[in-house]
Amino acid sequence: EERLRAEVLARRPAPMQRDQFPEILGTTAAIDEMLALAESAAATALAVLLEGETGTGKELLARAIHRISPRASGPFVPVNCAAIPDDLLESELFGHRRGAFTGASDDRTGLVEAAAGGTLFLDEIGEMPAPMQAKLLRVLHDGELRRVGDTTVRRIDVRVISATNRDLAAEVAEGRFREDLYYRLAAFPIPLLPLRERREDIPTLAAHCLAVAAQRQAKAAPVLTPEAFGLLLRYRWPGNVRELENELARAIALVHAGEPIRPQHLSPKVRGPAAGRASAAEEERSRVDLRGARADWEARHVAQVLAEHGGNVSRAAAALGLSRSMLHRKLRKRGPR
């Protein structure tokens, strides 16, 4: 795996063509590495395994890989393996014939067939029960399936991307996941780092999350006070980007028009006990300059709000909760971009 990653990174163009992945936000070397792997994976028919904690954007990356792949014109069919009851999973994946079981009143196409010519995304693959692991392996190995209650064999042509928040290699070692299925699914593994290991991306992500949440709530995007921004940077974010999105959406719901987001608008877990904060060692490793990070976020946020108002300084100042003269000072300080 390490050799594969090194070879891909050695071959990637410089600079990285980030416009291939506009939906993936971040500027760290870790993001560059992940996108380089994703771009190479997209050009192949290999099965991809996305490994990362909950909330790191595995489905977002899976959709991006499909979008730039030769199968982009085909369907992208997501399946949450943890959300489907065990006794229904086979029928959901492979389909069934009428009368195959109680309640099967019509023939039904399964999700695997529905993904023909495109990509099947198996989310939470580590939650799949052992009997279904064996049946899925057979389908992937043979390239064909039989619907439940049917005798007809159907050829399938799908590209599989799987995702898990578990350590599947450890699950294999413990006997909880089939080794042969693991190697079938993990032909091209791509790790997704947790947010606490790429804190430098928090300013960019926070600006985006604020803009999206404000639009959904029909409000002007508020600014963050330095104290609130510092809390965002120091929190560990066990729920990763999804947790950051929810935190800022909650804060926007609490603030009044023209009011900035202050520490009291953040949840107790973010502003509260040290147990939720990054360790001193983690903070030292991340080396985030809080003042510089906030300045960078503020510059991006001001530029975005100004663009949303067609360059009209008066309207942008009102949306930001600033006076016109204060906004002019910030623009002069920022300089040409």
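Colleague: How would you sum up the overall build of the protein chain? Please name residues and give values.
Modeller: When you go through the protein chain residue by residue, the secondary structure sums to 16 helices and nine strands. Here the protein chain holds 337 residues, and 46% of them are scored as buried. Pairs at least 24 residues apart make up 71% of the contacts formed inside the protein chain by residues separated by at least 6 positions.

Colleague: Explain the packing of aromatic side chains to me, and be specific about the residues and the numbers.
Modeller: In total, this model carries three aromatic pairs according to the counting rule given. Ring geometry for Y182 against Y183: centres 5.1 Å apart, planes inclined by 65°, an arrangement best described as edge-to-face. Ring geometry for Y235 and W237: centres 4.6 Å apart, planes at 90°, overall edge-to-face.

Colleague: Describe the sheet that holds strand β9 (residues 188-191), listing the residues and the values that go with them.
Modeller: Remark on secondary structure: sheet strands pair via backbone hydrogen bonds, oriented parallel or antiparallel. An order of β2-β5-β8-β1-β9 is seen for the five strands of this open sheet, with the pairing classed as parallel. The sheet is open, and its two borders are formed by β2 (76-80) and β9, each paired with just one other strand. Neighbour-to-neighbour, the strand axes of this sheet turn through a mean angle of 20°, independent of strand direction. Where β2 lies against strand β5 (residues 119-123), five bridges are found, and the strand directions are parallel. Its bridge partner lying in β5, V79 is registered against L122.

Colleague: Outline the nonpolar core, listing residues and values.
Modeller: Membership of the largest hydrophobic core comes to 30 residues, with the highest contact counts inside it found for L93, L122, I125, M128 and F177. For this core, the secondary structure elements donating two or more residues are β2, α4 (86-94), β5, α6 (130-142), α7 (168-173) and α8 (179-185). Counting residues per element, this core draws most heavily on α6, which supplies five residues. Among the nonpolar cores identified, the runner-up in size contains 26 residues, and A206, A213, L232 and V241 belong to it.

Colleague: Can you break down the pairing of β5 residue by residue, with the values?
Modeller: With five of five residues buried, β5 lies mostly within the body of the structure. Residues T119, F121 and D123 point to one face of β5 and L120 and L122 to the other, with burial holding for every one of them. Direction of pairing for β5 relative to strand β8 (residues 159-164): parallel, over a ladder of four bridges. Bridging from a neighbouring strand, F121 pairs with I161 of β8.

Colleague: Describe the confidence of the model for the protein chain, listing the residues and the values that go with them.
Modeller: Mean pLDDT for the protein chain: 85, with 84% of residues reaching 70 or above. Across residues 12-16, where pLDDT falls below 50, the model places seven contacts with residues more than four positions away in sequence or in other chains.

Colleague: Explain α4 to me, and be specific about the residues and the numbers.
Modeller: Looking at α4, one finds that the buried residues are L89, S91, L93 and F94. Phi for G95, located one or two positions after α4, is positive at around 85°.

Colleague: An account of the environment of G117 is needed here, citing residue identities and associated values.
Modeller: Among the structural elements, G117 can be located in the loop between α5 (111-114) and β5. Between the C-alpha atoms of G117 and P75, which are 42 residues apart in sequence, the distance is 7.0 Å. Among residues more than four places away in sequence, those in contact with G117 are R71, G74, P75 and D157.

Rules and cut-offs
- Residues numbered from 1 in each chain as written.
- Predicted model: local features only at pLDDT ≥ 70, side-chain atom pairs only at ≥ 80, totals over all residues.
- Heavy atoms only, no water.
- Helix = DSSP H or I, 4+ residues; strand = E, 2+ residues; numbered from the N terminus.
- Buried < 20%, exposed > 50% of the residue type's maximum accessible area, 1.4 Å probe, protein only.
- Contact = heavy atoms within 4.5 Å.
- Phe/Tyr/Trp six-rings, centres within 6.5 Å; stacked < 30°, edge-to-face > 60°.
- Pairing = 2+ DSSP bridges.
- Axes fitted to C-alpha atoms, helices over the stretch in contact; angles between N-to-C directions.
- Core = buried A, V, L, I, M, F, W, Y, C linked by side-chain atoms within 4.5 Å.
- pLDDT = per-residue confidence, 0-100.

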